[in-house]
Amino acid sequence: MKKKIVPVGFFVLIVVLGALILFVTNRHSGTSAIPFVKVNDVIYVYDSTGYKVEELPETYSVIGEVIGNAASASKAQNGYASGLKVGEKIYQTSVKTDEVFVYTSLFSGDGTYRYVKFTSE
Amino acid sequence: MTKRICSLLLTLCLIFSLSTFAFATNGAHKTVDYIAQDWIDTQFSGDAEVSDTIVLRSDNSDEVVGYIVSFTKQSVPAGYIVLSCEDGEHPIIEFALEGQSVYHYLEQQLDVINSAASSGMVSSDSNEFLSSATTFEENVLYTDFIRYAIKISNGTQSALLDQFAQITSCSELDVMTDTAPMSDTFFDDYIDLPNESGSKTVGNITGANDIRALVMGDMPNVTPGEGNCGPTSLANTVKLYAEFSLNDNGGSLSNLKVNDSDAETYERLVEISGYSCGNAASMSTLVSSIKSFAVERGYSCTTTNYLLDLWSDFKRDVTADKPILLYTSSSAGTAHAQVVVGFWEYTNGGKYVKILSGWTSYPTFLKFKPSSLNNFNGYCVAISD
């Protein structure tokens, strides 16, 4: 009886180990997420204060729109973004070029659109 | 007889487990067919197929730098993926869910170039062309596209950039953007503040609402927009233990930060994890890194990998005052590391984890295991003296 138990035990152990190795090693990385948009060769990142307004500040005007999603900021072309939807409008003022506003529902949770600040510094 | 059968079975199992390990650790980017088919199956429920694979090679060493895999759905072009062979980043760096691949348009452009070259309109000096292609210098892959296009035209045809632009009337960017109705569900369930109706149960670790969390872009030597969520998450975990009373033996771990500096702590964590600041990090590396860091600072650290990532796992450890490293990713390959510092549980069933995302200096929220994410893996981190 003992002679049968030992090999079966090894059998189960090895199958469990194989499955465990597969399970653990499958937990790996991907392209790191950070909301950004590239405009005129500048990367604007989601403002760390989470600044958002319902009305666009004065002097800001449309300078473009999101035209595609990019996985990596370093390879993004102008108009490409992460976290934003294609077609969302980008606004900027000539007196403060280190930030843009994007009219987006990003992080709203319920699809509400508002003007969200992205900064270059 | 029984012994022989058991031995045979054991041998087969050994071979199976070894091959499984080799498969899992072989670097996904080296298995183009597997990645492409897996991605297509995910996006199109198995009714699309690979139609073409282009190998991209470095112009200098002839090394393979990436692949463009196009696919069709019922014989109609259904998008493409661009796979990079660059170490340290997810293999899928670009994709579209409809239309022709970028290469298709490059071919069209190449036809225009060849036509112009035969009429004497463009330069035949490829080095002159490449050195003047400053628009593309920051975009290696796109430069490689052009190099590849030049290469398949027998290496003789090229154009000065301004001539190239004049001839095609648009840069390759303008062409590519026409083909990029891309989507990624990754950010869909990250929320500033949940707003569901009904009462809720709230749990927070000590310091969850008081910490001024570190932000990815504020860390040293970071290129704006690049992913450094891994080391930032570790630095936020250290900050929690260093500034708030999370120690099992009471009090905070005042010597945990390097020179009491968040920036120096972050830099040391980057050094230990072996990643440059611009790269995302794998969770297994992050977990071992914070253990090494804690020991280096004179403390002990244990981590618990949630096998099933149950809601009860997160609630239990938040209630026990333990921060949780959380890895999330979408089917498109976008991924993120963050720190769970609390939870909201509504009586109507809504469940949210409160997180230090690395995007803002204050905690925000993420739905618990939403359908927009295909990975939601927690690792409880306990540091003590």
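Here the structure is a predicted model, which means the values were calculated and not measured. (Residues numbered from 1 in each chain as written. Chains lettered and ligands numbered in written order. Predicted model: local features only at pLDDT ≥ 70, side-chain atom pairs only at ≥ 80, totals over all residues.)

### Some points on the overall build of chain A
1) Next: Secondary structure summary: chain A contains one helix and ten strands in total.
2) Next: Listing each helix as α and each strand as β along chain A from the N terminus yields α-β-β-β-β-β-β-β-β-β-β.
3) Next: Split into buried and exposed, the 121 residues of chain A put 36% on the buried side.
4) Next: Considering only contacts within chain A whose residues lie at least 6 apart along the sequence, 53% involve residues at least 24 apart. (Helix = DSSP H or I, 4+ residues; strand = E, 2+ residues; numbered from the N terminus. Buried ≥ 20, exposed ≤ 12 C-beta atoms within 10 Å, placed from the backbone. Contact = placed C-beta atoms within 7 Å.)

### Quick look at the overall build of chain B
1) Next: Assigned secondary structure in chain B consists of eleven helices and twelve strands.
2) Next: Looking at chain B as a whole, 39% of its 385 residues qualify as buried.
3) Next: For chain B, the share of sequence-separated contacts (at least 6 apart) that also reach a separation of at least 24 residues comes to 63%.

### A closer look at unusual backbone geometry
Residues and elements named next belong to chain B.
1) Next: Even without a glycine there, the phi angle at Gln74 is positive, about 55°.
2) Next: Gln74 sits in the exposed class, given 8 other C-beta atoms within 10 Å.
3) Next: The phi angle at Asp309 is positive, at roughly 50°, despite the residue not being glycine.
4) Next: Mapped onto the elements of the fold, Asp309 is located in the loop between strand S7 (300-305) and helix H11 (311-319).
5) Next: Assessed through the 17 C-beta atoms surrounding it within 10 Å, Asp309 is described here as partly exposed.

### Re helix H8 (residues 229-243) of chain B
Each full turn of the α-helix corresponds to 3.6 residues, which orients residues three or four apart in the same direction.
1) Next: Here H8(B) is 15 residues long and its end C-alpha atoms lie 21 Å apart, about the 21 Å a rise of 1.5 Å per residue gives.
2) Next: Counting buried residues along H8(B), 14 of its 15 residues qualify, which places the element largely inside the surrounding structure. (Expected span 1.5 Å × (residues − 1).)

### A short note on the nonpolar core
1) Next: With 99 residues, the main nonpolar core has Phe36(A), Val37(A) and Leu325(B) as its most contacted residues.
2) Next: No other element matches the seven residues that H8(B) contributes to this core.
3) Next: A domain-level breakdown of this core finds at least three residues from each of domain 1 (32-183) and domain 2 (186-384) of chain B.
4) Next: Setting aside chain neighbours within four positions, we find Phe36(A) in contact with Ile43(A), Tyr44(A), Val45(A), Tyr46(A), Ala73(A), Ala81(A), Ser82(A), Phe118(A) and Gly225(B). (Core = buried A, V, L, I, M, F, W, Y, C linked by C-beta atoms within 7 Å. Domains from an automatic or database assignment.)

### Observations regarding the confidence of the model for chain A
1) Next: Per-residue confidence for chain A gives a mean pLDDT of 83; residues scoring 70 or more make up 83%.
2) Next: Confidence scores differ between elements of chain A, with helix H1 (residues 2-25) of chain A showing the lowest mean pLDDT of 64 and strand S10 (residues 114-119) of chain A the highest of 97. (pLDDT = per-residue confidence, 0-100.)

### Observations concerning the environment of Ala76(A)
All names here are of chain A.
1) Next: Along the chain, the position of Ala76 falls in the loop between strand S6 (68-69) and strand S7 (80-82).
2) Next: As a C-alpha pair, Ala76 and Val37 span 39 residues in sequence and 8.6 Å in three-dimensional space.
3) Next: Setting aside residues no more than four positions away along its own chain, Ala76 makes contact with Lys38 and Ala70.

### Quick word on the packing of H8(B) against helix H10 (residues 283-296) of chain B
Residues and elements named next belong to chain B.
1) Next: The interhelical angle for the contact between H8 and H10, taken along N-to-C directions, is 35°, at an axis separation of 10 Å. Considering only the axes of H8 and H10, their crossing is right-handed. Taken together, the residues of H10 that come into contact with H8 (itself represented by Gly230, Leu234 and Thr237) are Leu286, Ser289 and Ile290.
2) Next: A class-by-class count of the residues in the contact of H8 with H10 yields three nonpolar, three polar and no charged. (Axes fitted to C-alpha atoms, helices over the stretch in contact; angles between N-to-C directions. Left-handed = near helix turned anticlockwise from the far one by under 90°. Nonpolar A, V, L, I, M, F, W, Y, C, P; charged D, E, K, R; others polar.)

### Digging into the pairing of strand S12 (residues 375-384) of chain B
Residues and elements named next belong to chain B.
1) Next: Pairing of S7 with S12 involves six bridges; the strand directions are antiparallel. Residue Thr304 lies in a different strand from S12, and its bridge partner there is Cys380.
2) Next: Pairing between strand S8 (residues 324-329) and S12: six bridges, direction antiparallel. By the bridge assignment for S12, Leu326 is matched with Gly378. (Pairing = 2+ DSSP bridges.)

### A short note on the pairing of S10(A)
Residue and element names in this part refer to chain A.
1) Next: As paired elements, strand S3 (residues 42-46) and S10 share two bridges and run antiparallel to each other. Of the residues in S10, the one forming a bridge with Tyr46 is Phe118.
2) Next: Here strand S4 (residues 52-53) pairs with S10 via two bridges, running antiparallel. In the strand pairing of S10, Lys52 is matched with Val116.
3) Next: Sheet analysis places strand S9 (residues 96-104) next to S10, joined by six bridges and oriented antiparallel. Residue pairing in the sheet places Val100 in a bridge with Phe118 of S10.

### Digging into the environment of Tyr190(B)
1) Next: Mapped onto the elements, Tyr190(B) comes out in strand S5 (residues 190-191).
2) Next: In this structure Tyr190(B) comes out as buried when scored by C-beta crowding, with 25 C-beta atoms within 10 Å.
3) Next: Each C-alpha atom, one on Tyr190(B) and one on Ser372(B), is 9.9 Å from the other, the two residues being 182 residues apart in sequence.
4) Next: Sequence-distant contacts of Tyr190(B), that is, excluding residues within four places in its chain, are made with Phe107(A), Ser357(B), Thr364(B) and Leu366(B).

### Focus on H11(B)
Residues and elements named next belong to chain B.
1) Next: When H11 is considered as a whole, its buried residues turn out to be Phe314, Asp317 and Val318. The buried residues of H11 all sit within an arc of 100° when viewed along its axis, so they share a single face.
2) Next: Contacts from the buried residues of H11 go to strand S6 (200-204), S8, strand S9 (334-346), strand S10 (351-356) and S12.
3) Next: The first or second residue beyond H11 is Asp321, which carries a positive phi of 65°. (Arc of directions from axis to C-beta.)

### Observations regarding the environment of Ser329(B)
Residues and elements named next belong to chain B.
1) Next: Looking at where Ser329 falls in the secondary structure, it is placed in strand S8.
2) Next: Given 24 C-beta atoms within a 10 Å radius, Ser329 is considered buried.
3) Next: On a C-alpha basis, the gap between Ser329 and Phe186 in space is 6.8 Å, while along the polypeptide they are 143 residues apart.

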